[in-house]
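Structural features, examined
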Amino acid sequence: MSKGDGGGRGDATRLVQAGRRQEWAGAVVNPPVWRASTILYGSVAEMRGRQHDTHHQFYYGRRGTPTQWSLAEALTEMEPGAAGTLLYSSGVAAVTTALLSVLRPGDELLMVDSAYEPTRAFCEGLLRRIGVVTRYYDPLIGAGIEALITDQTAAIFMESPGSLTFEVQDVPAITAIARARGIVTLLDNTWATPLFFRAIEKGVDLTILACTKYVVGHSDVMLGSVTANAEHWQSLRKTSYSLGQCASPDDAWLAARGLRTLDVRLSRHQSNALAVAQWLDEQPEVARVLHPALENCPGHAIWKRDFSGASGLFSFVLNGGDDAARTALVDDLELFGIGFSWGGYESLVIPADPHRSAVAWSAPGPLVRLQIGLENPGDLIADLAAGLGSFREARG
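Rules used throughout
Residues numbered from 1 in each chain as written. Predicted model: local features only at pLDDT ≥ 70, side-chain atom pairs only at ≥ 80, totals over all residues. Heavy atoms only, no water. Helix = DSSP H or I, 4+ residues; strand = E, 2+ residues; numbered from the N terminus. Rg over C-alpha atoms; globule rule 2.2 N^0.38 Å. Buried < 20%, exposed > 50% of the residue type's maximum accessible area, 1.4 Å probe, protein only. Contact = heavy atoms within 4.5 Å. Areas by Shrake-Rupley, 256 points an atom, 1.4 Å probe, with all protein chains shown as cover. Lys, Arg positive; Asp, Glu negative; His and termini not counted. Charge placed at Lys NZ, Arg CZ, Asp CG, Glu CD. Pairing = 2+ DSSP bridges. Axes fitted to C-alpha atoms, helices over the stretch in contact; angles between N-to-C directions. Core = buried A, V, L, I, M, F, W, Y, C linked by side-chain atoms within 4.5 Å.

**Structural notes on the overall build of the chain**
Per the secondary structure count, the chain includes 14 helices and twelve strands. Radius of gyration (C-alpha) of the chain: 22 Å, near the 21 Å computed for a compact globule of 396 residues. Here the C-alpha coordinates of the chain stretch approximately 80 × 50 × 35 Å along the principal axes. Scored against the burial criterion, the 396 residues of the chain give a buried share of 56%. Long-range contacts, defined as pairs at least 24 residues apart, comprise 75% of the intrachain contacts of the chain with a sequence gap of at least 6. Carbon and sulfur atoms provide 51% of the accessible area of the chain, an area that totals close to 16,100 Å². For the chain, the separation between the mean place of its 34 positive charges and that of its 43 negative charges on side chains is 8 Å.

**Some words on the sheet that holds strand 4 (residues 153–159)**
With respect to topology, seven strands assemble into an open sheet ordered 1-7-6-5-4-2-3, the strand pairing being mixed. Only two strands of the sheet have a single partner each, and these edge strands are strand 1 (84–88) and strand 3 (133–137). Going across the sheet, the axis of each strand differs from the next one's by a mean of 20°, ignoring polarity. Judged from the five bridges that link them, strand 1 and strand 7 (residues 224–228) form a sheet pairing that is antiparallel. Along strand 7, the bridge assignment pairs leucine 86 with valine 226.

**Description of the nonpolar core**
By size, the foremost hydrophobic cluster in this structure holds 84 residues, and its most contacted members are Leu71, Leu99, Leu103, Leu109, Ile156, Leu186 and Trp191. Leucine 99 has contacts with Leu109, Phe122, Leu127, Phe157 and Leu186, leaving out every residue within four places of it along the chain.

Right, here's the structure in full:
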């Protein structure tokens, strides 16, 4: 654990305190923005000596300054048992670099079938071109994943819950099997963040965040992170440095600012989303609501066992209708912006069409994904009620 782990202090306290070393912040509360490309040395001997270990040491701008180190250390402290965190220019950059740090030509990757679309695209694109074979598996497979493992299986990638259909995976069961077989596990933990799901404690080797979402929280920064255990930390660092991966100090500063309020914001996202989800679950135009905290959502029992909370992102399946009827609903909403991202303070909506390879996606109607923001939930419900009215008219 890095300096300032808090000796078992609560999550909210660690979110406020983590990464704020005095040598980085000085006499102010927040470590300032250090912008740098060139780092100056007092002598040739000092320059040469610094090359042996550049972690949290001034070396070259690409290796970071106290602005980035502070955020990285804070994210590490939110994952008990982690060795370190690296920052990236986006969540996709974090996913792809993490995968490249553990895969080689000839390897096989087991990828959850509910994965984020850019993750699937990377598997079908660059990984395929370099000779890595990807096989997709049912997100609800749990311990049954052992039957899919071959001599070539090098890594298992999880996303729990899936960011379109929200199946909750049995992460402890999968990581236990993987560890026994010498297989690396990776998890996209963006939905829950380390505040609601401690991935490293659950046996995950590399846990990934699109910090663009809840860590930043204000829809104005692209940023990703990967936190690794001791076994995979050095490989992640080496791969990241070889690829020239880095993040802007200005973006890191904004993300650190957002991190301090993550506990408060996620609490409100959670309560607002539950209010909206429970209301939707009672509407005749809705066939089912895919929210992990609802008992009828796939994997709910695992969510209840492993998670300490739920965030603001979920989907619902319409009761019949087609894309035109769904579009009428989405276009009629006034308080929900139409946009791909999530995790900011504002509510969003998109029509969603899951792509599956291992298990066919089947539903009685089109899928709609909601990001529930910090608005008054009663206002959001009224907006959705009007949208469902437009859906009824278009459905006929």
